[in-house]
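Architecture and fold: a report
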Amino acid sequence: MPDWQQIFGNDRPLALEIGSGMGDFVARMAQLRPELNFIAIDYYNKGCLKTCKRIDTQELENVRVVRDEARSFLVRCIPPASLSAIFINCPDPWPKLRHRKRRLVNREFILFLSQFMLPGADIHFATDFEDYGQDVARLMPEVTGFENVLQPDLYRHELEGYPLSKYMLKFLAEGKKIHFIHYRKCVRFHGHTARASESLENALHLTSSSAMNESAQYNSK
Ligand SMILES: C[S@@+](CC[C@H](N)C(=O)[O-])C[C@H]1O[C@@H](n2cnc3c(N)ncnc32)[C@H](O)[C@@H]1O
């Protein structure tokens, strides 16, 4: 396991953005939340480079960029119950019905992520894709151990103080709506005890190289 305190040079709480793309969101969030250390992860090389340049230009001390697949990275590099916040913005929507099983966020993935979250940690999900937003909004209340920060709303189309990512801006400009979802891991929750490596098998329909290639093509548009 990497020593994150040594890497950041301090012991501030850790936050993770999964699929950080070009890094505009993490750079803005890192400015807004200097009390957190941000790990931005993406397997898209060009996006990681762009993110590195952005954080260098903005002289942000509290961001590190990792080029890796998110699920295997979490198991190898993030200790259980160590993250204070997770952000997932506009994950690949896999719009074709036959590709839906490739979507990153589902019930198993949330349970998998839960192991890496501290009690009280936040999880944010945002998508421009109507049926992805509806799916996640429907599944989250069923996942034990989380409370809905936005209740009574299951999702909102605007979230004050939440920076807009490159994809959000692009889709808003096309007249689409963003679904913002925000849950918090319950402080008193002790239910899920499966080891990270066990639940990785559930969460990970191991991202095949063809899926990664298709994702890269989608993201270069
Ligand atoms: C549609 S883009 C959105 C980028 C950015 N979050 C935004 O909103 O502008 C999705 C990003 O997630 C990355 N991604 C998808 N699955 C991933 C995974 N399993 N691990 C790491 N990155 C992933 C892709 O490479 C891509 O950069």
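Residues numbered from 1 in each chain as written. Predicted model: local features only at pLDDT ≥ 70, side-chain atom pairs only at ≥ 80, totals over all residues.

To continue, consider the site of the ligand. Near the ligand lie 22 residues; those nearest to it are Gly19, Gly21, Tyr44, Ser165 and Tyr167. Those elements that provide at least two residues to the shell around the ligand are β2 (37-42), α7 (166-173) and α9 (209-219). Grouping the amino acids of the shell around the ligand by side-chain chemistry returns nine nonpolar, nine polar and four charged. (Near = placed C-beta within 6 Å. Helix = DSSP H or I, 4+ residues; strand = E, 2+ residues; numbered from the N terminus. Nonpolar A, V, L, I, M, F, W, Y, C, P; charged D, E, K, R; others polar.)

What follows is about the UniProt feature "binding site: substrate" (unreviewed entry) in the chain. As recorded in UniProt, the feature "binding site: substrate" (unreviewed entry) lies at Lys96 and Asp128. In this fold, lysine 96 is placed in the loop between β4 (83-89) and α5 (107-114). When you line up the elements, aspartate 128 lands in the loop between β5 (117-127) and α6 (130-139). Ignoring sequence-local partners within four residues, the contact set of aspartate 128 consists of Cys90, Tyr167, Met168, Phe171, Lys176 and Ile178. (UniProt positions renumbered as here; feature names shortened; annotations may be inferred. Contact = placed C-beta atoms within 7 Å.)

Attention shifts here to the nonpolar core. Ranked by size, the top nonpolar core spans 49 residues in total, and within it Leu16, Val26, Phe38, Val63, Leu83 and Ile86 carry the most contacts. If we ignore the near neighbours within four places in the chain, the residues touching isoleucine 86 are Leu16, Ile18, Leu113, Met117 and Ile123. (Core = buried A, V, L, I, M, F, W, Y, C linked by C-beta atoms within 7 Å. Buried ≥ 20, exposed ≤ 12 C-beta atoms within 10 Å, placed from the backbone.)

The next point concerns the environment of arginine 54. You can see arginine 54 is positioned in helix α3 (residues 45-57). With 20 C-beta atoms counted inside 10 Å, the residue arginine 54 sits in the buried group. With 31 residues separating them in the primary sequence, arginine 54 and glycine 23 have C-alpha atoms 7.1 Å apart.

Let's shift gears to unusual backbone geometry. Note: most residues except glycine have negative phi, and most peptide bonds are trans. For the peptide bond that leads from glutamine 151 to proline 152, omega is 10°, which places it in the cis range. Structurally, proline 152 can be placed in the loop between β6 (146-148) and α7. Positioned with a positive phi, alanine 81 is a non-glycine residue whose angle comes to about 50°. Among the structural elements, alanine 81 can be located in the loop between α4 (70-77) and β4. Of note in this structure, tryptophan 94 is not a glycine but carries a positive phi near 40°. One can find tryptophan 94 in the loop between β4 and α5.

The strand order across the open sheet built from seven strands is β3-β2-β1-β4-β5-β7-β6, with neighbouring strands paired in mixed fashion. Taken across any chain shown, the strands that pair with only one partner, and hence form the sheet edges, are β3 (63-67) and β6. Each neighbouring strand pair of the sheet contributes to a mean axis angle of 20°, computed without reference to strand direction. Sitting on the sheet, α3 touches β2 and β3, and the angle it makes with β3 is about 165°. (Pairing = 2+ DSSP bridges. Axes fitted to C-alpha atoms, helices over the stretch in contact; angles between N-to-C directions.)

This next bit is on the UniProt feature "binding site: S-adenosyl-L-methionine" (unreviewed entry) in the chain. Taken from the UniProt record, the annotation "binding site: S-adenosyl-L-methionine" (unreviewed entry) applies to Glu17, Asp42, Glu69 and Asp92. Taking the farthest pair of C-alpha atoms as the criterion, the annotated set spanning 76 residues converges on one region, since that pair is 14.2 Å apart. The residue glutamate 17 is located in strand β1 (residues 14-18) in this model. We classify glutamate 17 as buried; it has 27 C-beta atoms within 10 Å.

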